[in-house]
Amino acid sequence: MEKKENGASVHVRRVIAYIVLILLSFLCLVWFYILFVNATRSHQELTRGFRAYPSTHAFENWFNLMHSSQPVVTGLVNSLVIAALSAFLCTYFSTMTAYAIHAYRFKLRKFAYTFILAVMMIPTQVTALGFIQLMTKMHLMDSFIPLVIPSIAAPATFFYMKQYMDSVLSISLVEAARIDGSGEFHTFNSIVLPLMKPAVAVQAIFTFVASWNNYFTPALILHDDNKKTLPILIAQLRGADFLKFDMGQVYMMIAFSIFPVIIVYLVLSRNIVGGVTLGGVKE
C-alpha cells in the first residue's frame, strides 16, 4: 500500500515538474515568436497593434534593410569576429588562470584568488573614462583590439572555472602527468581542457552572447561605420528621424542579429550536459 502511495506521489510531482517546465519554456520562447512575427509585418501594420499571426512583408523588410544606409552584413562580420575572439580568449585564459591557482602552491596563492574576485566588484562604467583615455594614448581607438584583448581578464569566468575544476580535476591526475614527463602546457591542453569541456562550453556561450550584445564599450571605441557592430547599427536604425523610421526594418534587423547566437548555442549546448571527465582519477 505504501509503495502505491509513494508511486502516486512521485507521479504527481513529475506531472507538476513537467507543467512548470512547459510554462517556463513558453515564457522564454514566446518573445522570440513575437519578434519573428513582427519582423514579417510592415511599419503600418505594426503601428496598428500586435497580431499573433505572421504577415507577408518579410521579404520587403529584408530588401529594405539590405538597401538601407546601414552596413548590416559588415556589422554582422564585425560582431562575429569580436564575439568569437572574446569567447576564445576569455575561456582559454580563464581556465589557464584557474588551473594555476588550483594546481600550484605558492605564497600569494590565496591573495591572488581574493584579488581576482575583488575585481568583479568594479563596474565597467566606472573605468570607462580612464579606459578611453588609455586607448586614445595608445592610438587604439576605432579598433577591435580594445574590445577583444580585455576579455582575457574575466574574473567571473575564472571563478566559475575554478569552482568546476575543484570538482572534476584531481591533483593526482596532474601529478601523474608530470611523472610521465608531460610539460605544463601539454598537461593543460591535453588533459585539463578536455576535462573542462562542459564548463568551457557554458562560459563560451555566455561570453559570446555578452560580447555580441555589448553596446556600451563598442559605442565608445568604434566610430567608422564599417567597423561598427550590430547593436550600434540597430541603435542607429531605431534613432532615425520620423520620415526614415521603419519599425519593420528594426524588427527584421533584430531577428537577423539573433540567428548567430542561436547557432552558437545549438553547436555548444550538446557539450554542456554530455561532457565526460575522460578518465578523471578520484583521490
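Each chain carries its own residue numbering, running from 1 in the written order of its sequence. Local features in this predicted model are restricted to residues whose pLDDT is 70 or higher, and side-chain atom pairs enter the listing and the counts only when it is 80 or higher, whereas totals over whole chains, interfaces and linings include all residues. In computing side-chain values, all of the structure's heavy atoms are included and hydrogens and water are not.

As for the environment of Ile 101
For clarity, the threshold we go by: Strands here are runs of E lasting at least two residues and helices are runs of H or I lasting at least four, both read from the DSSP assignment and numbered beginning at the N terminus. By the convention used here, residues are in contact when the closest approach between their heavy atoms is within 4.5 Å.
Within the secondary structure layout, Ile 101 lies in helix α4 (residues 72-103). A C-alpha to C-alpha distance of 26 Å links Ile 101 and Leu 268, two positions 167 residues apart in sequence. Leaving out residues up to four positions away in the same chain, Ile 101 has contacts with Phe 106, Arg 109, Ala 112, Tyr 113, Phe 158 and Lys 162.

Examining the packing of aromatic side chains
To keep it simple, the criterion reads: Between rings of Phe, Tyr and Trp, where Trp is taken as its six-membered ring, a pair exists when centres lie within 6.5 Å; planes separated by under 30 degrees are stacked, by over 60 edge-to-face, and by other angles tilted. Only protein chains enter the accessibility calculation, which uses a 1.4 Å probe. A residue is then buried if its area is under 20% of the maximum for its type, exposed if over 50%, and partly exposed in between. Definition used: whenever NZ (Lys) or CZ (Arg) falls within 6 Å of the ring centre and also within 35 degrees of the ring normal, the charge is taken to sit over that ring.
Following the criterion strictly, the structure yields ten aromatic pairs and no others. Consider the rings of Phe 208 and Trp 212, whose centres lie 5.6 Å apart with planes at 20 degrees: the pair is stacked. Of this pair, Phe 208 and Trp 212 both sit in helix α11 (residues 197-213), four residues apart, roughly one helical turn. You'll find Phe 208 and Trp 212 in the same group, each marked buried. We note Lys 162 situated over the ring of Tyr 113; from NZ or CZ to the ring centre the distance is 5.7 Å.

Section: a nonpolar patch on the surface
Stated precisely, the cut-off is as follows: Patches in this entry comprise residues that are over 30% relatively accessible and not in a salt bridge; like charges within 9 Å are linked, as are nonpolar side chains (Val, Leu, Ile, Met, Phe, Trp, Tyr) within 5 Å. For accessible areas, the Shrake-Rupley method is used with a probe of radius 1.4 Å. Any residue's cover is judged against the shown protein chains and nothing else. Salt bridge criterion: a side-chain nitrogen from Lys or Arg within 4 Å of a carboxyl oxygen from Asp or Glu.
Residues Val 12, Ile 16, Tyr 18, Val 20, Leu 21, Ile 22, Leu 23, Leu 24, Phe 26 and Leu 27 make up a contiguous nonpolar surface patch of about 1,000 Å² in total accessible area. For Ile 22, a relative accessible area of 59% translates into the label exposed.

Side note on the confidence of the model for the protein chain
Applicable threshold: Each residue gets a pLDDT score, which is the predictor's confidence in that residue and runs from 0 to 100.
Counting all residues, the mean pLDDT for the protein chain is 84, and 91% of those residues have values of 70 or more. Mean pLDDT across the elements of the protein chain bottoms out in helix α14 (residues 247-273) (81) and peaks in helix α7 (residues 145-148) (92).

A few points about the nonpolar core
Rule in force here: Each nonpolar core is a collection of buried residues, namely Ala, Val, Leu, Ile, Met, Phe, Trp, Tyr and Cys, held together in the definition by side-chain atoms within 4.5 Å. Each domain's limits were defined by an automated method or a database of domain assignments.
Counting residues in each nonpolar core, the largest one holds 21 residues, and the members touching the most others are Leu 65, Val 72, Phe 208, Trp 212, Leu 230 and Met 253. Those elements giving two or more residues to this core turn out to be α4, α11, α13 (230-238) and α14. Here this core gets eight residues from one element, more than from any other, and that element is α14. For this core, the two domains that each supply at least three residues are domain 1 (10-65) and domain 2 (70-239). Among all residues touching Leu 230, those that are not within four sequence positions of it are Val 72, Gly 75, Leu 76, Ser 79, Trp 212, Met 253 and Ser 257. Membership of the second largest hydrophobic core comes to 18 residues, among which are Ile 101, Met 161, Val 192 and Ala 199.

Considering the pattern of salt bridges
This structure, assessed with the given rule, holds three salt bridges. Put simply, Asp 166 and Lys 162 hold a salt bridge, and the shortest N to O gap is 2.9 Å. Of this pair, Asp 166 and Lys 162 both sit in helix α8 (residues 155-168), separated by four residues, roughly a single helical turn. Take Asp 166: its relative accessible area is 40%, and that puts it in the partly exposed class.

Description of the side chain of Thr 40
For clarity, the cut-off: For this analysis, a polar contact is any N or O atom pair within 3.5 Å, provided that within protein one partner can donate a hydrogen and the other can accept it, and provided that sequence-adjacent residues contribute only side-chain to side-chain pairs.
Tracing the sequence through the fold places Thr 40 in the loop between α1 (2-38) and α2 (43-47). Exposure remark for Thr 40: the relative accessible area of 13% places this residue in the buried category. Only 3.0 Å separates the side chain of Thr 40 from the backbone nitrogen of Ser 55, close enough to count as a polar contact. Not counting residues within four places of it along the chain, the set of residues in contact with Thr 40 comprises Pro 54, Ser 55, Thr 56, His 57, Ala 58 and Asn 61.

Considerations on the side chain of Thr 91
Along the chain, Thr 91 turns up in helix α4. Overall, the relative accessible area of 6% leaves Thr 91 in the buried class. For Thr 91, the residues in contact, after removing those within four places along its chain, are Met 161, Val 200, Gln 203 and Ala 204.

Quick word on the packing of α4 against α13
Inclusion rule: The convention used is that axes are lines fitted to C-alpha atoms, helices contributing only their stretch in contact, and that angles between N-to-C directions extend from 0 to 180 degrees.
Taken N-terminus to C-terminus, the directions of α4 and α13 make an angle of 145 degrees; their axes are 8 Å apart at the nearest point. Counting all contacts with α4, which are made through Val 72, Gly 75, Leu 76 and Ser 79, the residues of α13 involved are Leu 230, Pro 231 and Leu 233.

Notes on unusual backbone geometry
Despite not being glycine, His 139 has its phi angle at roughly 60 degrees, a positive value. On the secondary structure map, His 139 appears in the loop between α6 (128-137) and α7. Looking at His 139, the relative accessible area reads 72%, which means it is exposed. In this model, Asp 142 sits at a positive phi of 60 degrees, which is unusual for a non-glycine residue. Here Asp 142 is to be found in the loop between α6 and α7.

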